[in-house]
Amino acid sequence: MANTPQSKKRARQNERRFQINKARRSKVRTYLRKVEEAIESGDQEAAKTALRAAQPELMRGVSRGIFHKNTVARKMSRLSSRVKSLG
């Protein structure tokens, strides 16, 4: 348990950052789910639109420190190849 004023403040900050990052992760996962659903439906145009909407959110997650850049690059690459293969 935090005893010093500094450690108490760090605990408060950590909790606040955890909540913010949790919300951001959830938002990105929602975008990814929409892309997956569009791919499953077989509609290439909807999948392209969903992917275009998801890419900036993924990169925003990288810049905010939620995801590693290589992880996002791998996800985007795999999703884009799957969308491309629909046509």
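Residues numbered from 1 in each chain as written. Predicted model: local features only at pLDDT ≥ 70, side-chain atom pairs only at ≥ 80, totals over all residues. Heavy atoms only, no water.

### Quick look at helix α1 (residues 5–41)
Think of an α-helix as 3.6 residues a turn; residues three or four steps apart then line up on the same face. To be explicit about the condition: Strands are runs of DSSP state E lasting at least two residues, helices are runs of H or I lasting at least four, and both sets are numbered from the N terminus onward. To estimate the expected span of a helix, subtract one from its residue number and multiply by 1.5 Å. The classification of residues rests on relative accessible area computed with a 1.4 Å probe and restricted to protein chains. Under 20% of the type maximum is buried, over 50% is exposed, and intermediate values are partly exposed. Note on contacts: a residue pair is in contact if any heavy atoms of the two residues lie within 4.5 Å.
With 37 residues, α1 extends 54 Å from end C-alpha to end C-alpha; this agrees with the ideal 54 Å at 1.5 Å per step. If you check which residues of α1 are buried, you get Asn21, Val28, Leu32, Val35, Ala38 and Ile39. As for α1, its buried residues are in contact with α2 (44–63) and α3 (69–86). Downstream of α1 by one or two residues, glycine 42 has phi in the positive range, about 85°.

### Notes on α2
Here α2 is 20 residues long and its end C-alpha atoms lie 29 Å apart, about the 28 Å a rise of 1.5 Å per residue gives. Among the residues making up α2, those that are buried are Ala47, Ala50, Leu51, Ala54, Glu57, Leu58, Gly61 and Val62. Looking at the buried residues of α2, the elements they touch are α1 and α3. Following α2 by one or two positions, glycine 65 has its phi on the positive side, about 85°.

### Focus: the packing of α1 against α2
Note the threshold: Orientation is described by axes fitted as lines to C-alpha atoms, over the contacting stretch for helices, and by angles from 0 to 180 degrees between their N-to-C directions. For this classification, under 35 degrees means roughly parallel, over 145 means roughly antiparallel, 65 to 115 means roughly perpendicular, and everything else is oblique. Here a crossing is taken to be left-handed if its near helix is turned anticlockwise relative to the far helix by less than a right angle, and right-handed if that turn runs clockwise. Three residue categories are used. Nonpolar comprises Ala, Val, Leu, Ile, Met, Phe, Trp, Tyr, Cys and Pro, charged comprises Asp, Glu, Lys and Arg, and polar comprises the others, including Gly.
In the contact formed by α1 and α2, the axes pass within 8 Å of each other and the chain directions differ by 160°. Classified by the interaxial angle, the pair formed by α1 and α2 is roughly antiparallel. Judged by the sense of rotation from one axis to the other, the crossing of α1 with α2 is left-handed. Packed against α1, whose contacting residues are Lys27, Val28, Tyr31, Leu32, Lys34, Val35, Ala38 and Ile39, the element α2 presents Ala46, Ala47, Ala50, Leu51, Ala53, Ala54, Glu57 and Leu58 at the interface. When grouped by side-chain class, the residues that make up the contact of α1 with α2 number 13 nonpolar, no polar and 3 charged.

### Quick word on the packing of aromatic side chains
Cut-off, in case you're wondering: Aromatic rings from Phe, Tyr and Trp, with only the six-membered ring used for Trp, were paired whenever their centres fell within 6.5 Å, and each pair was classed as stacked if the ring planes differed by under 30 degrees, edge-to-face if by over 60, and tilted otherwise. Two conditions define a charge sitting above a ring: the NZ of Lys or the CZ of Arg must be within 6 Å of the ring centre, and it must be within 35 degrees of the ring normal.
The tally for this structure, following the rule as stated, stands at 0 aromatic pairs. Directly above the ring of tyrosine 31 sits lysine 34, whose terminal nitrogen or CZ lies 5.7 Å from the centroid.

### Here's the deal with a positive patch on the surface
This is how the line gets drawn: Patches were defined on residues exceeding 30% relative accessible area and lacking a salt bridge, with like-charge contacts within 9 Å and nonpolar side-chain contacts (Val, Leu, Ile, Met, Phe, Trp, Tyr) within 5 Å. For accessible areas, the Shrake-Rupley method is used with a probe of radius 1.4 Å. Any residue's cover is judged against the shown protein chains and nothing else. When a carboxyl oxygen of Asp or Glu is within 4 Å of a side-chain nitrogen of Lys or Arg, the pair counts as a salt bridge. When charges are counted, neither His nor the chain ends are considered; positive counts come from Lys and Arg and negative counts from Asp and Glu. All charge positions are set by atom: Lys at NZ, Arg at CZ, Asp at CG, Glu at CD.
On the surface, Lys8, Lys9, Arg10 and Arg12 cluster together into a positively charged patch. Among the structural elements, lysine 9 can be located in helix α1. The exposure class assigned to lysine 9 is partly exposed, which follows from its relative accessible area of 42%.

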